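Now for the letters of each chain:
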Amino acid sequence: MRPAEPSPEQTRPPSILVIGTGDTKSDELQFMAGIIRDAGAKPLMVDVSILSDPPYTPDYSRHDIAESAGTSIEAIINSGDENSAMALMSTGAAALVGTLHATGKADGIIVLGGSMGTDLALDVAAALPLGVPKFVVSTIAYSHLVPPERIAPDLMMILWAGGLYGLNDICRAVLSQACGAVVGAARSSRKPKADRPLIGMTSLGSTCLKYMKHLKPELEKRGYEVAVFHSTGMGGRAFEAIAAQKGFAAVFDFCMQEVVNHQNGTVVTSGPDRMENAGRAGIPQIVAPGAVDMVDLPAWQPLPAALADRPYHAHNRLIGSVTTSPEGRRATAALIGEKLGGAQAPVALILPLAGIQEWDQPGEPLHDPEGLSAFIDAMRLALPQSVDLHEVDGHINSPQFCTKALAVFDAWVAQGIIPEGRP
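In this report, we go over the structure that sits alongside the text. (Residues numbered from 1 in each chain as written. Predicted model: local features only at pLDDT ≥ 70, side-chain atom pairs only at ≥ 80, totals over all residues. Heavy atoms only, no water.)

### Observations concerning the overall build of the protein
Looking only at helices and strands, one finds 14 helices and 14 strands in the protein. Whereas a compact globule of 423 residues would reach a radius of gyration of roughly 22 Å, the protein reaches 24 Å, a difference of no more than 12%. In terms of principal-axis extent, the alpha carbons of the protein reach across some 70 × 60 × 40 Å. Expressed as a percentage of its 423 residues, the buried residues of the protein come to 52%. (Helix = DSSP H or I, 4+ residues; strand = E, 2+ residues; numbered from the N terminus. Rg over C-alpha atoms; globule rule 2.2 N^0.38 Å. Buried < 20%, exposed > 50% of the residue type's maximum accessible area, 1.4 Å probe, protein only.)

As structure tokens, this is what we get:
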């Protein structure tokens, strides 16, 4: 058989939006456009300058950005200060870029900036769906200044090393890598097909929580696509971002540990809205309190004084876990109940009475029957009447737990709450 002919999208040069403040970063942005052009793609310059026009003619000017924000560049300049002005430019840039992609005029974006440009870049990237290449070259890449709740699930970043003011060999090396990466991504990206309903599931690795090993193949047999998210901060952020865009047919949110992490102030967080977006979006939720007795912390830092006397488990050289007290677990149960109470679709909570993570079992380092009992009692009391409670006389890693989860799921499919799968 002859191979299939490539589609027009595969044969035409990809269009890459090159976004930045051309009034201050003209040399860098024009260098990037040249690299993208040399790589066989089409650069489209998007200028987000505020005070003056760049020395080149952009494809989309700062006036176009202001118009997309429903205002004028003069009004943006007079809005108050540079923070308010850039916030308005971010609104306009996100709207314009979203329109350009929706109309087939943009296959990927690359944004250059310091802290101001990165602030704008996060809004622009969040306006694009999963599968559209998004690359940010930033002086604060990977910094704790970047809040997890603002990071698009497939955002790529690289540190703009040595490039704050003007071009040099280090800067050229970084910018050329970034441009090559976004062109390559635009050429090879396989966007989600969405030919089967997508189930979002959360877990903490496959050692601490193991249910997905059984549940994923069972759901696939039923005709569903299953995506399992690693609940170590950014995994939960991606899960929440997709839920906010109504990207799931249903969720199995079985690891709530990021809720506890945020509650206790650790950097291993998905943001304050963890476990809220599926409910807001009207997505059916089957949930369980996996690993809510632990707080994850960077293993390379000293333990906070408030947790220093609690049992500790070092998972590896990057991340470790410390258990919370019975009082802390009661507070966590109350917070979970509050979050689930705002859901706009059915919610079922499965409560495993024999334990909620691998290391809390007898003989393991985080075994704490008093703490588990305190959480279970508090969870029963905190649960809103709108949430169906299913108790399982077994551990979260037991077959009984998976059987109950599938039973609830199958019942909801039969009732039409969850769409049927497509084998």
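### Description of the packing of aromatic side chains
Geometrically, a pair of aromatic rings is defined through the distance of the ring centres and the angle of the planes. Evaluated as defined, the whole model comprises nine aromatic pairs. With 5.5 Å between their ring centres and 70 degrees between their planes, Phe229 and Phe239 make a pair best called edge-to-face. With a gap of ten residues between them, Phe229 in strand E7 (residues 225–230) and Phe239 in helix H9 (residues 234–244) connect regions that are remote in the sequence. Across this residue pair, the class does not change: Phe229 and Phe239 are buried. Their ring planes at 45 degrees and their centres at 5.2 Å tell us that Phe252 and Phe254 sit as a pair that is tilted. The exposure classification of Phe252 matches that of Phe254, with both residues buried. Taken together, the ring pairs connect Tyr211, Tyr224, Phe252, Phe254, Phe401 and Phe409 into an aromatic cluster. (Phe/Tyr/Trp six-rings, centres within 6.5 Å; stacked < 30°, edge-to-face > 60°.)

### Comments concerning the sheet that holds strand E3 (residues 108–113)
Pairing within the open sheet is parallel, and its five strands lie in the order E2-E1-E3-E4-E5. The sheet terminates laterally at strand E2 (42–47) and strand E5 (155–159), the two strands that pair on one side only. Ignoring strand direction, the axes of neighbouring strands in this sheet form an average angle of 20 degrees. Where helix H7 (residues 169–188) meets the sheet, it contacts strand E1 (15–20), E3, strand E4 (134–138) and E5, and its direction lies at approximately 170 degrees from that of E4. (Pairing = 2+ DSSP bridges. Axes fitted to C-alpha atoms, helices over the stretch in contact; angles between N-to-C directions. Contact = heavy atoms within 4.5 Å.)

### Some words on the nonpolar core
One finds Leu17, Ile19, Met89, Ile109, Leu120 and Leu155 to be the most contacted residues of the largest nonpolar core, which totals 36 residues. Element by element, the count of residues in this core is highest for helix H5 (residues 82–102), at seven residues. Membership of the second largest hydrophobic core comes to 35 residues, among which are Tyr224, Leu366, Val408 and Val413. (Core = buried A, V, L, I, M, F, W, Y, C linked by side-chain atoms within 4.5 Å.)

### Focus on the side chain of Asp368
Among the structural elements, Asp368 can be located in the loop between strand E13 (347–352) and helix H13 (369–382). Residue Asp368 is classed as buried on the basis of its relative accessible area of 17%. For Asp368, the side chain forms a polar contact with the side chain of Arg310, separated by 3.4 Å. A distance of 3.0 Å separates the side chain of Asp368 from the backbone nitrogen of Gly371, its partner in a polar contact. (Polar contact = N/O pair within 3.5 Å; in protein donor to acceptor, adjacent residues only side chain to side chain.)

### Remarks on helix H2 (residues 26–38)
When the terminal C-alpha atoms of H2 are compared, their 18 Å separation across 13 residues agrees well with the 18 Å that a helix rising 1.5 Å per residue should span. Among the residues of H2, Ser26, Glu28, Leu29, Met32, Ala33, Gly34 and Ile36 are the ones counted as buried. Looking at the buried positions of H2, the neighbouring elements they touch are E1, E2, E3 and H7. Gly40, located one to two residues past H2, shows a positive phi value of around 90 degrees. (Expected span 1.5 Å × (residues − 1).)

### Considerations on the pattern of salt bridges
Counted according to the given criterion, the structure contains 22 salt bridges. The salt bridge involving Arg150 is made with Asp119; its shortest N-O contact spans 2.7 Å. Remark: Asp119 occurs in helix H6 (residues 115–126) and Arg150 occurs in the loop between E4 and E5; sequence separation between them is 31 residues. Exposure remark for Arg150: the relative accessible area of 27% places this residue in the partly exposed category. For Glu218, the salt bridge goes to Arg222, with nearest N and O atoms at 3.0 Å. It is possible to trace a salt-bridge network through shared partners that takes in Glu218, Lys221, Arg222 and Asp410. (Salt bridge = Lys/Arg side-chain N within 4 Å of Asp/Glu carboxyl O.)

### Focus: the pairing of strand E12 (residues 319–323)
Counting buried positions along E12 gives five out of five residues, so the element sits mostly inside the fold. Sheet topology places strand E10 (residues 294–298) next to E12; five bridges connect them, and they run antiparallel. Its bridge partner being in E12, Met294 is matched across the sheet by Thr323. Pairing between strand E11 (residues 312–314) and E12: three bridges, direction antiparallel. Within the sheet, the bridge partner assigned to Tyr312 lies in E12 and is Val322. The antiparallel hairpin formed by E11 and E12 contains four residues in its connecting segment.

### Concerning the sheet that holds E12
Strand order in the open sheet formed by three strands is E10-E12-E11, with antiparallel pairing between adjacent strands. In this open sheet, the two edge strands, each paired with only one partner strand, are E10 and E11. In this sheet, adjacent strand axes meet at a mean angle of 25 degrees when their direction is disregarded.

### Let's talk about the packing of helix H12 (residues 326–340) against H13
Contact geometry for H12 and H13: axes closest at 8 Å, N-to-C directions at 25 degrees. Of the possible angle classes, the one that applies to H12 and H13 is roughly parallel. For the element pair H12 and H13, the recorded crossing hand is right-handed. Residues Pro326, Arg329, Arg330, Ala333, Ala334, Ile336 and Gly337 of H12 lie in contact with H13, whose contacting residues are Glu370, Gly371, Leu372, Ala374, Phe375, Ala378, Met379 and Ala382. (Parallel < 35°, antiparallel > 145°, perpendicular 65-115°, else oblique. Left-handed = near helix turned anticlockwise from the far one by under 90°.)

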